[in-house]
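Descriptive structure summary
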Amino acid sequence: GAVVSQHPSWVICKSGTSVKIECRSLDFQATTMFWYRQFPKQSLMLMATSNEGSKATYEQGVEKDKFLINHASLTLSTLTVTSAHPEDSSFYICSAPGDGGGNQPQHFGDGTRLSIL
Amino acid sequence: SQQGEEDPQALSIQEGENATMNCSYKTSINNLQWYRQNSGRGLVHLILIRSNEREKHSGRLRVTLDTSKKSSSLLITASRAADTASYFCARDQGGSEKLVFGKGTKLTVNP
């Protein structure tokens, strides 16, 4: 079945560091990928839609200069948290819709736990 | 908030019992999906039910959809300790591939 690989799974770094998270579709092409943020014991909140070959679309309230998204190819999207601060600590998850157009399940990466000291 | 509501927020049962989780939403949908999340992991897709469907089964899972009440339920029968996880419903947003997730139900199945 379709697999999405997310890397790294866990990052601990100092305040002010920029952190890059990768999301890869392993056996299918994904022109669109989604990035979510999840706080402890809460639901997933959509941050942005990553579009291959064009700019990402950000949800209201998400700083595009803070969370840089690059969809470099049909199988790779990256999220860079720039100049990260402790309030950026969270669980970040990516997903990609399956092949076949609309009404398809989404395939999720295993998430990245980001801890900023 | 556009997030759906799920109840209960937490559910604790014994192995072998059935678990029912409910989800309500506010806007029209094309489909509604249920996902499972083990602690600290990504989400795993369970079932997708389309707006013109009323019930769908997959193994020990049964999902119902009532579009007139804008609600859905997930029933897990003969629960096992391995079913312990958080369960989320997610609706499509405006016909796009975007998903809006409910707040989730944390299910604990005690052996």
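A brief structural summary. (Residues numbered from 1 in each chain as written. Chains lettered and ligands numbered in written order. Predicted model: local features only at pLDDT ≥ 70, side-chain atom pairs only at ≥ 80, totals over all residues. Heavy atoms only, no water.)

Focus: the overall build of chain B
Formally: Helix and strand definitions here come from DSSP, where helices need a minimum of 4 consecutive H or I residues and strands a minimum of 2 consecutive E residues; each element is numbered from the N-terminal end. Both definitions apply: the radius of gyration is a C-alpha atom measure, and the globule rule equals 2.2 Å times residues to the power 0.38. Working definition: with a 1.4 Å probe on protein chains only, accessible area under 20% of the residue-type maximum means buried, over 50% means exposed, and in between means partly exposed. It only takes one pair of heavy atoms within 4.5 Å for two residues to be counted as in contact. Method for areas: the Shrake-Rupley scheme with a 1.4 Å probe, in which residue coverage is limited to the protein chains shown.
Counting secondary structure elements, chain B contains zero helices and eleven strands. Helices and strands appear in chain B in the N-to-C order β-β-β-β-β-β-β-β-β-β-β. At 13 Å, chain B has a C-alpha radius of gyration in line with the 13 Å of a compact globule built from 111 residues. Counting only C-alpha atoms and orienting by the principal axes, one finds that chain B spans roughly 40 × 30 × 20 Å. With 111 residues in all, chain B has 44% of them scored as buried. Summarising the internal contacts of chain B: among those between residues at least 6 apart in sequence, 54% fall at separations of at least 24. Per element, the accessible surface of chain B, about 5300 Å² overall, is 45% carbon and sulfur.

Describing the sheet that holds strand β3 (residues 19-24) of chain B
All names here are of chain B. Convention followed: Pairing between two strands is assigned when DSSP locates at least 2 bridges connecting them. Axis lines are fitted through C-alpha atoms, for helices just across the contact stretch, and the angle between N-to-C directions can take any value from 0 to 180 degrees.
Overall, antiparallel pairing links the five strands, which are arranged β1-β3-β8-β7-β6 in an open sheet. Since the sheet does not close on itself, it has two edges, and those belong to β1 (5-7) and β6 (55-58), each with one partner. The average angle at which neighbouring strand axes cross in this sheet is 15°, direction not considered. Across six bridges, the pairing between strand β7 (residues 61-66) and strand β8 (residues 71-76) is antiparallel. The residue of β8 that forms the bridge with Val63 is Leu74.

Some words on the sheet that holds strand β7 (residues 67-73) of chain A
What links the strands of a sheet is backbone hydrogen bonding, and the strands pair in either a parallel or an antiparallel sense. All names here are of chain A. Strand order in the open sheet formed by four strands is β1-β3-β8-β7, and the pairing between neighbours is antiparallel. Unpaired on one side and paired on the other, β1 (4-7) and β7 mark the two borders of the sheet. Strand after strand, the sheet turns through a mean of 15° between neighbouring axes, direction not considered. Bridge count between strand β3 (residues 19-25) and strand β8 (residues 76-81): six bridges; the pairing is antiparallel.

Describing the state of the cysteines
Linking two cysteines covalently via their sulfur atoms produces the bond known as a disulfide. Residue and element names in this part refer to chain A. Here is the rule: Any pair of cysteine sulfurs within 2.5 Å is marked as a disulfide.
Within this structure, the stated rule accounts for two disulfides over all chains. Cys23 shares a disulfide with Cys94; S-S distance 2.0 Å. A torsion of 85° about the S-S bond marks the disulfide between Cys23 and Cys94 as right-handed. Taken together, the positions of Cys23 in strand β3 and Cys94 in strand β9 (residues 90-97) put the pair 71 residues apart, joining distant regions of the chain. One exposure class covers both Cys23 and Cys94, and it is buried.

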